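Okay, here's what each chain looks like letter by letter:
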Amino acid sequence: MQKSPLQIARQSYQPKMPVALQGAVRLVEGEKTHSVADQEEIQKLFPNTYGLPVITMEPVAESKVESQKSKAEPFNVGVILSGGQAPGGHNVISGLYDGLKALNPENKLYGFLGGPSGLIDGKYQELTGAIIDEYRNTGGFDIIGSGRTKLEETWQFDNGIEICKQLGIKAVVIIGGDDSNTNACVLAEYYLQKKCGIQVIGCPKTIDGDLKNEMIETSFGFDTACKVYSELIGNIQRDANSAKKYWHFIRLMGRSASHIALECALQSQPNICLISEEVEAKNMTLNDIVEDIVKVIVARANAGLNFGTVLIPEGLIEFIPAMRVLIQELNDMLANNEEFTSLDGDDAKREYVKSMLSPASCELYRSLPKGIARQLTLDRDPHGNVMVSQIETEKLLIEMVQKRLAVLKANGEYKGKFSALNHFFGYEGRCAIPSNFDADYCYSIGITATHLIAAGKTGYMSLVRNLTKPAAEWIAGGVPITMMMNMEKRNGKMKPVIQKALVDLNGKPFQYLQAHRADWADPVTSYIYPGPIQYYGPTEVCDQPTRTLLLERGK
Ligand code: FBP
């Protein structure tokens, strides 16, 4: 296989690690924990994994290491990549591999192929040193592939037991987002109830940045993806500032949460950045949003500037209160609805939907461009979520802004020229070569997972924190997954799930945007051009975490 010079150079990059993980460790247990909400229900559903203590890893003195090594029995581990790709997944797996081999060279790592379905269907591959070496510090999930199959049925769990027994697997590591880690916890609980001796450990993955809490400072992949998008936004801004003729409406991935849009705004200082959580808090309608955008466009046009940038979080549509009600009605209506799926053609489906909605939602549904209305009824993902990545909100906004500007022009209140281009950045960043931050963070997450397994832990998420400090000072450990859970409605039923972290409007990253957005909208250009991720060079260029993380940690 041919490789670029950067690919070749990255193969020999040695991720930086916390001092505590550079040799043998001992696990120190903290206080017992509670779930973030709905404690009674969560405890009832997870009698074996509820209330476990947080774990911190401390280095063991060299003298004690040799005696420990000779005691370590060989064991095998299975790993699953679950959900959307995120830069750094391959490094979690190489950390796991190196960690396992350091404990005992006879330990084996198996990869389940194509996501959680690999465990259910018994599709796997042993990950050897030669395979791992090919994937060190690379982007993508192609080493074993990923998938979105939801692990929730007991027959699936039982199939998992069978295959793990065949392969002598002592623990399954699930690398995934909030939903996949929820499943990891359900699986851990089930395996404890069954006393089958298989442990389950989760790892915090998602570019969306919404799997974070008191303990998990950030999910991996967020850093690299945001840096890629910010580079592209910066390039577009420089183009806009050169040609001076286009408004660029840029939708950014991130599912419900607006962390990616916010982080990219902090890195690139666009003229407008919408934040879904703010739209919801202010109870804004679609027209209110359009009006806000139009005000900035008119002000800039009055100064002779008919160009600019607007960042739009992909989940925006779900946060407009009336739209949220409509989507909730659609979710409930479409859950396992064979009548709807059997209907032939878009028109029949549209009529069916209209007949089932409440009057207010029906009115809103009818007012939407047909394309957007259809996108709202597309298949849900296996967790019951609307696939917001397929809803072209940026086009909807351009259309509405255009109409509003035409009215203002007719009234003599707007004299500018409006020419808009739409973009959607998502897939461009999910498989980028991981930044040094993600390469280092993920490798440490993998090593940490092996220590949790070796110590017999289950129902834990691999934890690496203190991330705004140099990697040597990072703190490794484990956090019980039940600690992050609450009850939420999914597919029409209340379910225990990891609580998603949305943008905190009182948090420092949003407050920073709030304090500066008027200046960024202003005709005086404040654009920042972040440029591409740098892998080699001064640490302030190559190793910086996201602005979100720095601001959240008071930096
Ligand atoms: P995860 O939550 O699984 O990490 O996925 C992240 C994401 O990239 C979202 O930002 C996006 O909405 C979604 O995946 C797109 O899904 P798909 O890859 O199935 O098109």
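Below: a short report on this structure. Counting restarts for each chain: residues are numbered from 1 in the order of the written sequence. In keeping with the predicted nature of the model, local features appear solely for residues at pLDDT of at least 70, side-chain atom pairs appear and are counted solely at 80 or more, and the whole-chain, interface and lining totals rest on all residues. Just so you know, side-chain values use all the structure's heavy atoms and leave hydrogens and water out.

This paragraph deals with the packing of aromatic side chains. Between 30 and 60 degrees the pair is tilted, below 30 it is stacked and above 60 it is edge-to-face, where a pair is any two Phe, Tyr or Trp rings, Trp via its six-membered ring, whose centres lie within 6.5 Å. Going through the model one piece at a time under the given rule, you end up with nine aromatic pairs. Ring centres of Phe424 and Tyr427 lie 6.3 Å apart, and the angle between their planes is 90°; this geometry places the pair in the edge-to-face category. Ring geometry for Phe437 against Tyr441: centres 5.6 Å apart, planes inclined by 35°, an arrangement best described as tilted. Residue Phe437 and its partner Tyr441 are both found in helix 21 (residues 436-454); the two are separated by four residues, about one turn of the helix. For the pair formed by Phe437 and Tyr441, the shared burial category is buried. Helix numbering and strand numbering both begin at the N terminus, where a helix is a DSSP run of H or I of at least 4 residues and a strand a DSSP run of E of at least 2. A 1.4 Å probe rolled over the protein chains alone gives each residue an accessible area, and that area as a share of the maximum for its type sets the label: buried under 20%, exposed over 50%, partly exposed in between.

Before going further, it helps to examine the site of the ligand. Nearness of a residue to a molecule or strand requires only that one of the residue's heavy atoms be within 4 Å of it. Taken together, 14 residues surround the ligand, and among them Gly84, Asp208, Glu314, Tyr427 and Arg430 come closest. Whenever two N or O atoms come within 3.5 Å, that pair is a polar contact, provided that in protein one can donate a hydrogen and the other can accept it, and provided that, for residues adjacent in sequence, both atoms are side-chain atoms. Taking Gly84, its main chain carries an N or O atom lying 2.8 Å from an oxygen atom of the ligand. Between the ligand and Asp208, the relevant distance is 2.6 Å, taken from an oxygen atom to a side-chain nitrogen or oxygen of the residue. Computed with a 1.4 Å probe, the accessible areas rest on the Shrake-Rupley method; for each residue, only the protein chains presented here act as cover. Here the ligand loses 87% of its free accessible area of 480 Å² to cover by the protein chains. Gly is placed with the polar residues, together with every amino acid not listed as nonpolar (Ala, Val, Leu, Ile, Met, Phe, Trp, Tyr, Cys and Pro) or charged (Asp, Glu, Lys and Arg). Residues that form the shell around the ligand fall into these classes: three nonpolar, five polar and six charged.

A separate point is the state of the cysteines. In this description, the term disulfide denotes a pair of cysteine sulfurs within 2.5 Å. If you walk through the whole model with that rule in mind, you get zero disulfides. For the unlinked cysteine Cys264, the closest cysteine sulfur is that of Cys226, found at 4.6 Å. Since its relative accessible area comes to 0%, Cys264 is described here as buried. We note that Cys442 lacks a disulfide partner, and the nearest cysteine sulfur, in Cys203, lies 8.9 Å from it.

With respect to the element layout, Thr218 can be found in the loop between strand 8 (199-204) and helix 9 (222-243). Each residue touching Thr218, except ones within four places of it in the same chain, is listed here: Leu211, Lys212, Phe437, Tyr441, Leu467 and Leu549. We call two residues in contact when some of their heavy atoms are within 4.5 Å.

The geometry of helix 16 (residues 346-356) relative to helix 17 (residues 359-367) is characterised by a closest axis approach of 8 Å and an angle of 150° between their N-to-C directions. One finds that helix 16 runs roughly antiparallel with respect to helix 17. Every residue of helix 17 that contacts helix 16 at Arg350, Val353 and Lys354 is listed here: Cys362, Tyr365 and Arg366. Its residues assigned to classes, the contact of helix 16 with helix 17 shows three nonpolar, no polar and three charged. Here an angle of 0 to 180 degrees is reported between the N-to-C directions of two axes, which are lines fitted to C-alpha atoms, with helices fitted over the stretch in contact. Comment on the angle field: the value is read as roughly parallel under 35 degrees, roughly antiparallel over 145, roughly perpendicular from 65 to 115, and oblique elsewhere.

So, on to the packing of helix 7 (residues 154-167) against helix 8 (residues 178-193). Interaxial distance between helix 7 and helix 8 falls to 11 Å at its minimum, and their mutual angle equals 70°. When the axes of helix 7 and helix 8 are compared, the pair comes out roughly perpendicular. Relative to helix 8, helix 7 is oriented so that their crossing is right-handed. Across the interface between the two elements, Thr154, Phe157, Asp158, Gly160 and Ile161 of helix 7 pack against Val186, Leu187, Tyr190 and Tyr191 of helix 8. The class makeup of the residues in the contact of helix 7 with helix 8 is six nonpolar, two polar and one charged. Helix crossings fall into two classes, left-handed where the near helix is turned counterclockwise from the far one by less than a right angle and right-handed where it is turned clockwise.

Here, a salt bridge means any Lys or Arg side-chain nitrogen found within 4 Å of an Asp or Glu carboxyl oxygen. Tallying each qualifying case throughout the model produces 26 salt bridges. The salt bridge partner of Lys212 is Glu552, with a shortest N-O separation of 2.7 Å. Taken as a pair, Lys212 in the loop between strand 8 and helix 9 and Glu552 in helix 24 (residues 547-552) lie far apart in primary sequence, 340 residues in all. Among the residues examined, Glu552 registers a relative accessible area of 33% and is labelled partly exposed. Notably, a salt bridge pairs Glu278 with Lys282, separated by 2.9 Å at the nearest N-O pair. The class for Glu278 is buried, based on a relative accessible area of 7%. Since its relative accessible area comes to 53%, Lys282 is described here as exposed.

Here we come to the nonpolar core. For the purposes of this section, nonpolar cores are sets of buried Ala, Val, Leu, Ile, Met, Phe, Trp, Tyr and Cys residues that join through side-chain atoms within 4.5 Å. Residues Ile93 and Leu252 are the most contacted members of the largest nonpolar core, which totals 108 residues. In terms of residue count, helix 21 provides more of this core than any other element does, nine residues in total. Counting residues in each nonpolar core, the second largest holds 48 residues, with Ile297, Leu316, Leu330 and Leu368 among its members.

Spatially, the four strands line up as an open sheet ordered 10-11-9-12, and their pairing is parallel. Each of the sheet's edge strands pairs with one partner strand only, and the pair in question is strand 10 (272-273) and strand 12 (420-425). At least two DSSP bridges between two strands are required for those strands to pair.

With that out of the way, let us pick up the pairing of strand 7 (residues 169-176). Burial within strand 7 is extensive, with seven of its eight residues counted as buried. Pairing of strand 3 (residues 76-82) with strand 7, which is carried by six bridges, proceeds in the parallel orientation. Pairing of Ile80 across the sheet is with Ile174, part of strand 7. As paired elements, strand 7 and strand 8 share six bridges and run parallel to each other. Its bridge partner lying in strand 8, Gly176 is registered against Pro204.

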